[in-house]
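Letter by letter, the chains look like this.
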Amino acid sequence: MAEQTGSAPGAQRYIPPDADTIDELHTIDELRTAAGGCRGCELYRDASQTVFGRGDESARVVLVGEQPGDMEDQKGLPFVGPAGRLLRRAVDDAALDPTHLYLTNAVKHFRFQLRGKRRIHQTPDQVHITACRPWLVAEFARLRPEIVVVLGATAAKALLGPSFRVTRQRGELLPWPGSAQHPEDFQRVPVDSAGKRVDAPPARLLATIHPSAVLRADDQDKAYEGLVADLTVAARALRP
């Protein structure tokens, strides 16, 4: 496993140069392909592959988690492990249409520690969150969500800044991108291939716990009920 570094070059140099325009050839899929070659921090050295977001660009709800886990790293898809299965159940119980979701993570490579043959999850450091953030910004330039859901502290740090506390404001609907630490990164979105940009449509953001926190909770039933309650707030906030 790669050692932690105090700084990283960041992902910006790996973003396609015309990613901030709208063109039929420049889509989420192109970003996903480009992210496969990202060397913005040291996590790529030990991870099996980059795990980019998945879902339709017209998704009404964007869910942002922490990082891929062991199974996601193997399959190359976000939220396909135990936490992902729990999230899918919670989405159903909250009456969120899964076809309206885009799923991604704040950090696109799996950070882990080897214990024998097992790869044990390690929480990304701020250097990893910062290095990977350009991919998140590039994704949002392609998306027009009505609701953004941040799942856990790492996602909150990536979008809302290190001072935001999920435990204090979970389940609250906040203005998006006004609640972002750097709203200017998400305020203007491209609309054509010439680089024209307009204000992003107003949306709202809701923070809640990561589904993996439910799996670790002493009282899993209570933790799960809380997650579903938060997601239900998001579901009810969608326009009819």
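To start, this report covers the structure provided alongside it. (Residues numbered from 1 in each chain as written. Predicted model: local features only at pLDDT ≥ 70, side-chain atom pairs only at ≥ 80, totals over all residues. Heavy atoms only, no water.)

With 39 residues, the main nonpolar core has Trp135, Phe140, Leu159, Leu160 and Trp176 as its most contacted residues. Residue assignment for this core shows that the elements contributing at least two residues are helix 1 (28-35), strand 2 (61-65), helix 4 (126-142), strand 6 (147-151), helix 5 (153-160), strand 7 (173-176) and strand 10 (203-208). If near-sequence neighbours (up to four positions away) are discounted, leucine 159 is found in contact with Val64, Leu136, Phe140, Val148, Val150, Trp176, Ala180, Gln181 and Phe186. If you look at the next biggest cluster of nonpolar residues, it comprises 26 residues, including Val61, Phe79, Leu227 and Leu238. (Core = buried A, V, L, I, M, F, W, Y, C linked by side-chain atoms within 4.5 Å. Buried < 20%, exposed > 50% of the residue type's maximum accessible area, 1.4 Å probe, protein only. Helix = DSSP H or I, 4+ residues; strand = E, 2+ residues; numbered from the N terminus. Contact = heavy atoms within 4.5 Å.)

Let's shift gears to unusual backbone geometry. Here the bond from tryptophan 176 into proline 177 is cis, since omega is 10°, no more than 30 degrees from zero. Within the secondary structure, proline 177 sits in the loop between strand 7 and helix 7 (184-187). Although it is not a glycine, phenylalanine 79 sits at a positive phi angle of roughly 60°. Its place among the elements puts phenylalanine 79 in the loop between helix 2 (70-75) and helix 3 (82-93). With a phi close to 65°, alanine 95 is a non-glycine residue in the positive phi region. Here alanine 95 lies in the loop between helix 3 and strand 3 (101-105).

On to the pattern of salt bridges, then. Within the structure shown, the criterion is met by 11 salt bridges. A salt bridge links aspartate 29 to arginine 32; the nearest nitrogen and oxygen atoms lie 2.4 Å apart. Taken as a pair, aspartate 29 and arginine 32 lie in helix 1 at a separation of 3 residues, close to a single helical turn. Given a relative accessible area of 49%, aspartate 29 falls into the partly exposed group. Exposure remark for arginine 32: the relative accessible area of 29% places this residue in the partly exposed category. Across the salt bridge formed by arginine 111 and aspartate 125, the nearest N and O atoms sit 3.4 Å from each other. Residue arginine 111 is located in the loop between strand 3 and strand 4 (112-115), and its partner aspartate 125 is located in the loop between strand 5 (118-121) and helix 4; the two are separated by 14 residues in the primary sequence. A relative accessible area of 8% means that arginine 111 is categorised as buried. One network of salt bridges, in which partners are shared, links Arg60, Glu146 and Arg239. (Salt bridge = Lys/Arg side-chain N within 4 Å of Asp/Glu carboxyl O.)

Our focus in this paragraph is helix 1. Those residues of helix 1 that sit buried are Ile28, Leu31 and Ala35. The buried residues of helix 1 occupy an angular sector of 60° when the element is viewed end-on, so they sit on one face. Check the buried side of helix 1 and you find it contacts strand 3 and helix 4. (Arc of directions from axis to C-beta.)

Read from one edge of the open sheet, 6 strands run 1-3-2-6-10-7, paired in mixed fashion. Edge strands, defined here as strands with exactly one partner in the open sheet, are strand 1 (54-55) and strand 7. Summarising the sheet, strand 1 and strand 3 pair through 2 bridges and their orientation is antiparallel. What sits directly across from glycine 55, in strand 3, is tyrosine 102. Along the sheet face, helix 5 touches strand 2, strand 6, strand 7 and strand 10 and points at about 130° away from the line of strand 6. Contacting strand 2, strand 6, strand 7 and strand 10, helix 9 (residues 220-237) crosses the sheet at an angle of about 175° to strand 10. (Pairing = 2+ DSSP bridges. Axes fitted to C-alpha atoms, helices over the stretch in contact; angles between N-to-C directions.)

This paragraph deals with a negative patch on the surface. A surface patch of like charges, here negative, comprises Asp218, Asp219, Asp221 and Glu225. Tracing the sequence through the fold places aspartate 218 in the loop between helix 8 (211-216) and helix 9. (Patch = residues over 30% accessible without salt bridge, like charges linked within 9 Å, V, L, I, M, F, W, Y side chains within 5 Å. Areas by Shrake-Rupley, 256 points an atom, 1.4 Å probe, with all protein chains shown as cover. Lys, Arg positive; Asp, Glu negative; His and termini not counted. Charge placed at Lys NZ, Arg CZ, Asp CG, Glu CD.)

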